[in-house]
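Structure at a glance
Listed here are the chains, written in short residue letters.
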Amino acid sequence: MPSIKHRSVRSKLAGIICLFIAIASTSLMAGQAFAQATGNRATFPKDFKEYVLYGTYDRGSSKEEAFATAETIAIAKSGKPLPPGTQLVLGIWTDYKLVSYFVMEKGVDWGLASSEDERTGDWHFQQFDTNGQVKREAIADRCQSCHGGQAQNDFMFTTDRMRAYLP
């Protein structure tokens, strides 16, 4: 039977572990909470490592890489609209270095949060750093204004690349 001293140490250790878990969980949720607090619901995909690179746009020392899940690409190839829950990721390279990601995510009735002239269907946009954390200097409004002119393609610029993708 453990002594009172050992039980006290275990109890303190358990408290420290619980505190550490709470702090770690809070830190991980901070980026998502910021995006939602600013009216933006786009989040970084938890399964990004499973995404497929379906398009590259080279611009000298800068480039963009377009990623989606294999399932999303298959839906695009079928000609069906991409469903709510779809996340598209754009890797941004500057001076041959990956500097950030942009996520375009579709939700249910997310467009209702924007005025009709700013609406991009039910898509929201968010910039993330290379660790998947929200970048506060995000230019999501600029993404939204550019994509607004792509209503005929479900507000996407890369539909043709998804449909042409060959594994």
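Described below are features of the structure shown in this document. (Residues numbered from 1 in each chain as written. Predicted model: local features only at pLDDT ≥ 70, side-chain atom pairs only at ≥ 80, totals over all residues. Heavy atoms only, no water.)

Right, let's get into the pattern of salt bridges. A complete count under the given rule lists 2 salt bridges for this structure. The closest approach of N and O atoms between Arg59 and Glu64, which form a salt bridge, is 3.5 Å. Among the residues examined, Glu64 registers a relative accessible area of 24% and is labelled partly exposed. (Salt bridge = Lys/Arg side-chain N within 4 Å of Asp/Glu carboxyl O. Buried < 20%, exposed > 50% of the residue type's maximum accessible area, 1.4 Å probe, protein only.)

Glancing now at the nonpolar core. Among the nonpolar cores identified, the biggest contains 16 residues, and Tyr54, Ile73, Leu82, Leu88, Trp123, Met156 and Met162 are the most heavily contacted of them. Dropping the residues within four chain positions of it, Ile73 is found in contact with Val52, Tyr54, Ala68, Met162 and Tyr165. Listed in part, the 10 residues of the second largest apolar core include Ala42, Phe48, Val103 and Val134. (Core = buried A, V, L, I, M, F, W, Y, C linked by side-chain atoms within 4.5 Å. Contact = heavy atoms within 4.5 Å.)

Let's shift gears to the sheet that holds strand β3 (residues 87-94). Read across the open sheet, the 5 strands follow the order β1-β2-β3-β4-β5; overall the sheet is antiparallel. Bordering the open sheet on either side are β1 (52-59) and β5 (123-128), each of which pairs with just one other strand. The sheet shows a mean angle of 20 degrees between the axes of neighbouring strands, direction not considered. The pairing of β1 with strand β2 (residues 62-68) spans 7 bridges and is antiparallel. (Pairing = 2+ DSSP bridges. Helix = DSSP H or I, 4+ residues; strand = E, 2+ residues; numbered from the N terminus. Axes fitted to C-alpha atoms, helices over the stretch in contact; angles between N-to-C directions.)

As for its placement among the helices and strands, Gln87 is situated in strand β3. Polar contacts involving the side chain of Gln87 include one to the side chain of Glu105, which spans 3.1 Å. Leaving out residues up to four positions away in the same chain, Gln87 has contacts with Thr43, Phe44, Pro45, Tyr51, Val103, Met104 and Glu105. (Polar contact = N/O pair within 3.5 Å; in protein donor to acceptor, adjacent residues only side chain to side chain.)

Attention now goes to unusual backbone geometry. Located in the positive-phi region is Asp95, a residue other than glycine, with phi close to 50 degrees. With respect to the element layout, Asp95 can be found in the loop between β3 and β4 (97-106). Classification of Asp95 by relative accessible area gives exposed; the value is 58%. The phi dihedral of Tyr96 falls on the positive side, at around 65 degrees, and the residue is not glycine. For Tyr96, a relative accessible area of 64% translates into the label exposed.

Bringing the pairing of β3 into the picture now. Of the strand pairs in this sheet, β2 and β3 are connected by 5 bridges, and their pairing is antiparallel. Among the inter-strand pairings, Phe67 is bridged to a residue of β3, identified as Val89. Two elements, β3 and β4, share 8 bridges in a ladder whose sense is antiparallel. When the sheet's bridge partners are listed, Ile92 is paired in β4 with Ser100. Between β3 and β4, which pair antiparallel and follow one another directly, the connecting turn spans 2 residues, one of which, Asp95, has a positive phi of 50 degrees.

In this section: helix α2 (residues 70-78). For α2, the full list of buried residues reads Thr72, Ile73, Ile75 and Ala76. Buried residues of α2 fall within an arc of 160 degrees about the axis and therefore sit on the same side. Along α2, exposed side chains directed more than 90 degrees from the buried face belong to Ala70 and Glu71. Gly79 occupies a position one or two residues after α2 and carries a positive phi of about 90 degrees. (Arc of directions from axis to C-beta.)

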